[in-house]
Amino acid sequence: MAIFSSLQSRNDLAAILACTIALCVLIYRTWAKRQATRTRASTPPSELPEKTRAARFNDKDRAPGEWTPVQFDYPHLEPSKEHFSNVKPIPYRPFKWGDYHVTMGIRNMPWDEWIELDREFPQFYKVCDYRIRTRGDRLLSIHPAQPGVVDSGHAAAEELAYEFAEYLSRRHPDVYRVTRHPVSKNPDRNGWYGEGRIKTVTIVPFERTFDLEKDEPLKVARMLVQEDFTIMMEGTDGRYYLQAGAVVIAGSWRLEDKMGLPLEEIHTSGNVPQYQSKLQMSMERYFRRLPLDKPVIRNNYAVQLVQEPEMRSPAPAPGSLLDVDPDELAWAATMNGSEDTNDFERAKHINDQVDASTTAQPGDKPNSAQKMQYPASRTTTPATPRTVRLRTERQTLRRLPRTGAIVFTIRVYQTPFEELMREPGIPGRMASAMRSWPEDVARYKARDAYEAILPLLDQCHAEQVKQGLVKEEEKKSNFPF
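Residues numbered from 1 in each chain as written. Predicted model: local features only at pLDDT ≥ 70, side-chain atom pairs only at ≥ 80, totals over all residues. Heavy atoms only, no water.

A. The arrangement of the overall build of the chain in detail. Scanning the chain for helices and strands turns up 14 helices and 10 strands. Relative to its full complement of 481 residues, the chain shows a buried share of 47%. In the chain, the proportion of contacts linking residues at least 24 apart, taken out of those at least 6 apart, comes to 71%. With an accessible surface of roughly 24,200 Å², the chain has 53% of that area assigned to carbon and sulfur atoms. (Helix = DSSP H or I, 4+ residues; strand = E, 2+ residues; numbered from the N terminus. Buried < 20%, exposed > 50% of the residue type's maximum accessible area, 1.4 Å probe, protein only. Contact = heavy atoms within 4.5 Å. Areas by Shrake-Rupley, 256 points an atom, 1.4 Å probe, with all protein chains shown as cover.)

B. Spotlight on the packing of aromatic side chains. Tallying each qualifying case throughout the model produces 18 aromatic pairs. Each ring, one from phenylalanine 72 and one from tryptophan 111, has its centre 6.0 Å from the other, and the planes form 40 degrees; the classification is tilted. Here the residue phenylalanine 72 occupies a position in the loop between α2 (50-57) and β1 (107-108), and tryptophan 111 occupies one in the loop between β1 and α3 (121-139), the gap between them amounting to 39 residues. Ring plane angle 25 degrees and centroid distance 6.0 Å describe the contact between tyrosine 74 and tryptophan 114, whose orientation is recorded as stacked. Taken together, the residues tyrosine 74 in the loop between α2 and β1 and tryptophan 114 in the loop between β1 and α3 connect sequence positions 40 residues apart. For tyrosine 74, a relative accessible area of 1% translates into the label buried. Members of the aromatic cluster, each reached through a chain of ring pairs, are Phe72, Tyr74, Trp111, Trp114, Phe164, Tyr167, Trp192, Tyr193 and Phe229. In this structure, lysine 96 is placed above the aromatic ring of phenylalanine 479, and the distance from its NZ or CZ to the ring centre is 4.8 Å. (Phe/Tyr/Trp six-rings, centres within 6.5 Å; stacked < 30°, edge-to-face > 60°. Lys NZ or Arg CZ within 6 Å of the ring centre and 35° of its normal.)

C. The packing of α3 against helix α5 (residues 217-224), seen in detail. Where α3 meets α5, the closest approach of the two axes is 9 Å, and the angle between their N-to-C directions is 155 degrees. Put simply, α3 runs roughly antiparallel to α5. Contacts between α3 and α5 involve Phe121, Tyr125, Cys128, Asp129 and Ile132 from the first element and Lys219, Arg222, Met223 and Leu224 from the second. Residue composition of the contact of α3 with α5, by class: 6 nonpolar, no polar and 3 charged. (Axes fitted to C-alpha atoms, helices over the stretch in contact; angles between N-to-C directions. Parallel < 35°, antiparallel > 145°, perpendicular 65-115°, else oblique. Nonpolar A, V, L, I, M, F, W, Y, C, P; charged D, E, K, R; others polar.)

D. Fine view of the side chain of threonine 392. Structurally, the position occupied by threonine 392 is in strand β9 (residues 388-399). The contact partners of threonine 392, leaving out residues within four places of it in the chain, are Tyr92, Pro94, Asn300, Tyr301, Arg411, Val412 and Tyr413.

E. Layout of the pattern of salt bridges. Inspection of every chain in the model, using the stated rule, returns 31 salt bridges. Salt-bridge contacts for arginine 239 lead to glutamate 264; the nearest nitrogen and oxygen are separated by 2.3 Å. Separated by 25 residues along the polypeptide, arginine 239 in the loop between β6 (228-234) and β7 (240-246) and glutamate 264 in helix α6 (residues 263-268) bring together distant segments of the chain. Residue arginine 254 pairs with aspartate 257 through a salt bridge whose shortest N-O separation is 2.9 Å. As far as the burial class goes, arginine 254 and aspartate 257 line up, both buried. Taken together, the salt bridges that share partners define one network made up of Arg131, Arg135, Arg138, Glu256, Glu339 and Asp340. (Salt bridge = Lys/Arg side-chain N within 4 Å of Asp/Glu carboxyl O.)

F. Main features of the packing of helix α4 (residues 154-171) against α5. At their nearest, the axes of α4 and α5 sit 8 Å apart, and the two run at 30 degrees to each other. By the angle class used here, α4 and α5 are roughly parallel. Crossing of α4 over α5 shows left-handed handedness. Listed contacts from α5 to His154, Ala157, Glu158, Ala161, Phe164, Ala165 and Leu168 of α4 are Pro217, Leu218, Ala221 and Leu224. In the contact of α4 with α5, the residues fall into 9 nonpolar, 1 polar and 1 charged. (Left-handed = near helix turned anticlockwise from the far one by under 90°.)

G. Fine view of the sheet that holds strand β3 (residues 176-180). Pairing in this open sheet of 3 strands is antiparallel, and the strands run β3-β4-β5 from one edge to the other. Of all the strands in the sheet, just β3 and β5 (208-211) have a single pairing partner and so form its edges. Neighbour-to-neighbour, the strand axes of the sheet open up by a mean angle of 20 degrees, direction not taken into account. Bridge analysis of β3 against strand β4 (residues 198-203) gives 5 bridges, and the strand direction is antiparallel. Each residue of the ladder has a partner; that of tyrosine 176, found in β4, is isoleucine 203. α4 rests against β3 and β4 of the sheet, and its axis sits at about 120 degrees to β3. Helix-sheet contacts for α5 involve β3, β4 and β5, and the interaxial angle to β5 is about 145 degrees. (Pairing = 2+ DSSP bridges.)

H. Examining the sheet that holds strand β8 (residues 296-305) more closely. Strand order across the open sheet formed by 7 strands is β1-β8-β9-β10-β6-β7-β2, with antiparallel pairing between neighbours. Because the sheet does not close on itself, it has two edges, and the strands there are β1 and β2 (140-142). Pairing of β2 with β7 involves 3 bridges; the strand directions are antiparallel. Opposite serine 141, over in β7, you have glycine 245 as the bridge partner. Across the sheet, α4 is in contact with β2, β6, β9 and β10 (406-416); its angle to β6 comes to roughly 135 degrees. On the sheet, helix α7 (residues 275-289) packs against β6, β7, β8, β9 and β10 and is oriented at approximately 45 degrees with respect to β9.

I. Inspection of α4 at higher detail. Its 18 residues place the ends of α4 26 Å apart at the C-alpha level, agreeing with the 26 Å of an ideal helix rising 1.5 Å per residue. Counting buried positions along α4 yields 15 of 18 residues, so the element is predominantly enclosed. (Expected span 1.5 Å × (residues − 1).)

J. Spatial organisation of the environment of alanine 452. Structurally, alanine 452 can be placed in the loop between α13 (439-444) and α14 (454-466). Assessed through its relative accessible area of 56%, alanine 452 is described here as exposed. Sequence spacing of alanine 452 and alanine 383 is 69 residues, and the spatial spacing of their C-alpha atoms is 6.1 Å.

K. Expanded view of the nonpolar core. Grouped together as the largest cluster of nonpolar side chains are 60 residues, with contacts concentrated most on Tyr74, Phe164, Tyr176, Leu224, Phe229, Ile231 and Ile249. Broken down by secondary-structure element, the contributors of at least two residues to this core are α3, α4, β4, α5, β6, β7 and β10. Element by element, the count of residues in this core is highest for α4, at 9 residues. Judged by nonpolar contacts, the second largest core, of 26 residues, contains Met421, Met430, Val441 and Ala449. (Core = buried A, V, L, I, M, F, W, Y, C linked by side-chain atoms within 4.5 Å.)

Here is the structure:
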């Protein structure tokens, strides 16, 4: 019996030992799996082997309108060395000497240049806050799903708000402060690099905090940055549809006129010159193929006439848009009239196929069979160095990893011509560019409203040549500057 008891004890001990070893192995494997997940999440794609990246982000074989969420973390960001209050707006001058060419004009976007902040942020914030408070339902919009064609843009809007909060808090940690949830066992519920999901984000200088779980995502995303943006979703037909957006300072077009439209109709309804012949096929192909790890950037420009505040009669009412935004950053009232005109469409002002016998009736909306006649320019404001503005846009395209949506950001810059004329080489290049526009482009850009400024540009160029600031034979530019 003693021998049997001893054997039984030994068997019990062996069983306990085996269970202990098995438990340790299980714990180790669980830990190792979590560490591997965290390591993958914290490894920027730019540091992965090229073949690995290509395999992870190659989606050429997917069906149109289908998207499988991808684990993708933004490459490492260096915190900005300058507070935005010390940063001058970047002087984009995206026009060239000589002939005018219609192209997409895209180039690779450096990862730390997705969103730009500068000393104009407070004024942008003020204007956008006013605009969203007074007419936000027309400036921020999520289009419902179009059954069988394309999903709603709501999930993409939520994803973008989190992406902005992650990017900005890392790129500008002195401006944006975030709070986070504890790290989740589910990596899909975490933020960048395996950190806890962001709960709130605060714009420190403005003392304003947004709750990403409670506040409307488009409002949060728009108030965090100086950029407008649209969110394009791929449909089952392979076309990209404008399914969400925050377009607050567009100047000459309205989000409500474009919501739910596919890419080509967004442009053709606005009568973008040569879009169908020069841009449509390449843009549609590019949108379809845009990979996660290759965002792009482009610039364009327009010229805007802005009435001097002291010349406005009657004077803008206190608290009105023109009182808050005298430079007409948000809406080009001097050139376009009231933003609330029921029938306002860009195509009604500048249409290559307008029928002079067709007249606009109040409340009419243009369509393919009926175009409305307007004078080429409806402003009587004289074109002077103080009233003419160069209005440039810095645009980026980036695909989001979880929804597959493409985010199109639009950052606006305004520069009075009285400043532009003092920049070496710019007056002559600007005059050359304006004269190079084909007739359809000249009409689209409403050149007749400000072409009286051309002799002054020529004069400034001649003086710069005489002073030796530029050489007459030099026709080069460091595009887009």
